Amino acid sequence: MILITGANGVVGAPLCQRLILEQQAFKTVSRSAGADIVWDLEQSPTAESLQAMAGIKSVIHCAPIWFLPAQLDHLLKIGVGRLVVFSSTSVLSKTQSKDASEQQLVKLLAAAEFELNGFCAKHKMQL
């Protein structure tokens, strides 16, 4: 079973449509009603959310990448063994930007990518 985060976004929505066409089993995450699992990725999942994620083996993370590192231990505990994660080329293209908000974005992206790579290597999780 696949879990899709950011399922209502510009990447997640067409991905979900494609998975439906291919008759793939998946669940969606959102912080509001309408998703299969209600979970604000800025918070730890509730016991109810974790129970709803039983059987999830892969996560396609279409939400902002910086939300994911704090959730990796939870995903590992429920048996997730594979992550597909979308980041941004801004981590490379905006490194020389003078704009403070773009510099902050680069830091968020780079830190999340670094944490994901380290965690997945340590725990033998496919990334």
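Scroll up a little and you will see the structure.
This text gives an overview of the structure that appears in the document. Everything numeric here is computed off the predicted structure, so don't read it as measured data. (Residues numbered from 1 in each chain as written. Predicted model: local features only at pLDDT ≥ 70, side-chain atom pairs only at ≥ 80, totals over all residues. Heavy atoms only, no water.)

1. A word on the sheet that holds strand S2 (residues 26-30)
Test applied: For two strands to be treated as a pair, DSSP must find at least two bridges joining them. The way it works is that DSSP assigns letters per residue, a run of H or I at least four long becomes a helix, a run of E at least two long becomes a strand, and they are numbered from the N terminus. In this description, contact between two residues means that some pair of their heavy atoms is separated by no more than 4.5 Å. Inter-axis angles, ranging from 0 to 180 degrees, are taken between N-to-C directions of lines fitted to C-alpha atoms, where helices are fitted over the stretch in contact.
Read from one edge to the other, the open sheet built from five strands follows the order S3-S2-S1-S4-S5, with strand pairing classed as parallel. The open sheet has two edge strands with one neighbour each: strand S3 (37-38) and strand S5 (82-85). Here strand S1 (residues 2-5) runs beside S2; their pairing, made up of four bridges, is parallel. Following the sheet pairing, Thr 5 is matched in S2 by Val 29. Most of the contacts of helix H1 (residues 12-21) go to S2, to which it runs at about 160°, and overall it touches S1, S2 and strand S4 (58-61).

2. Examining the environment of Gln 43
Selection criterion: Only protein chains enter the accessibility calculation, which uses a 1.4 Å probe; a residue is then buried when its area is under 20% of its type maximum, exposed when over 50%, and partly exposed in between.
Assignment of secondary structure puts Gln 43 in the loop between S3 and helix H2 (47-52). A relative accessible area of 48% places Gln 43 in the partly exposed class. In this structure, the C-alpha to C-alpha distance between Gln 43 and Gln 71, residues 28 residues apart in sequence, is 8.5 Å.

3. Thoughts on the nonpolar core
What counts, and what does not: In this text, buried Ala, Val, Leu, Ile, Met, Phe, Trp, Tyr and Cys residues form a nonpolar core when linked through side-chain atoms within 4.5 Å.
In this structure, Leu 75 and Leu 83 are the most contacted members of the largest nonpolar core, which totals 24 residues. Put simply, the parts of the chain that give this core at least two residues each are helix H3 (72-77) and helix H5 (100-122). Take this core: its biggest share by element is five residues, from H5. Setting aside residues up to four positions removed in sequence, Leu 83 forms contacts with Val 59, Leu 68, Leu 72, Leu 75, Leu 116, Cys 120, Met 125, Gln 126 and Leu 127. Listed in part, the eight residues of the second largest apolar core include Cys 16, Leu 19, Ile 60 and Cys 62.

4. Focus: the pairing of S1
Spelled out, the test is: Whether a crossover is right-handed depends on one test, that the path from the first strand over the helix to the second runs clockwise when the strands point away from the viewer.
With burial as the criterion, each face of S1 is covered, one bearing Ile 2 and Ile 4 and the other bearing Leu 3 and Thr 5. With H1 bridging S1 and its parallel neighbour S2, the resulting β-α-β unit is right-handed. As judged from the four bridges shared by S1 and S4, these two strands associate in the parallel manner. Bridging from a neighbouring strand, Leu 3 pairs with Val 59 of S4.

5. What about the environment of Leu 116?
Inspection of the secondary structure puts Leu 116 in helix H5. As for Leu 116 and Leu 68, which are separated by 48 residues in sequence, their C-alpha atoms are 8.0 Å apart. In contact with Leu 116, not counting residues within four places along its chain, are Ile 65, Leu 68, Leu 72, Leu 83, Val 85 and Leu 127.

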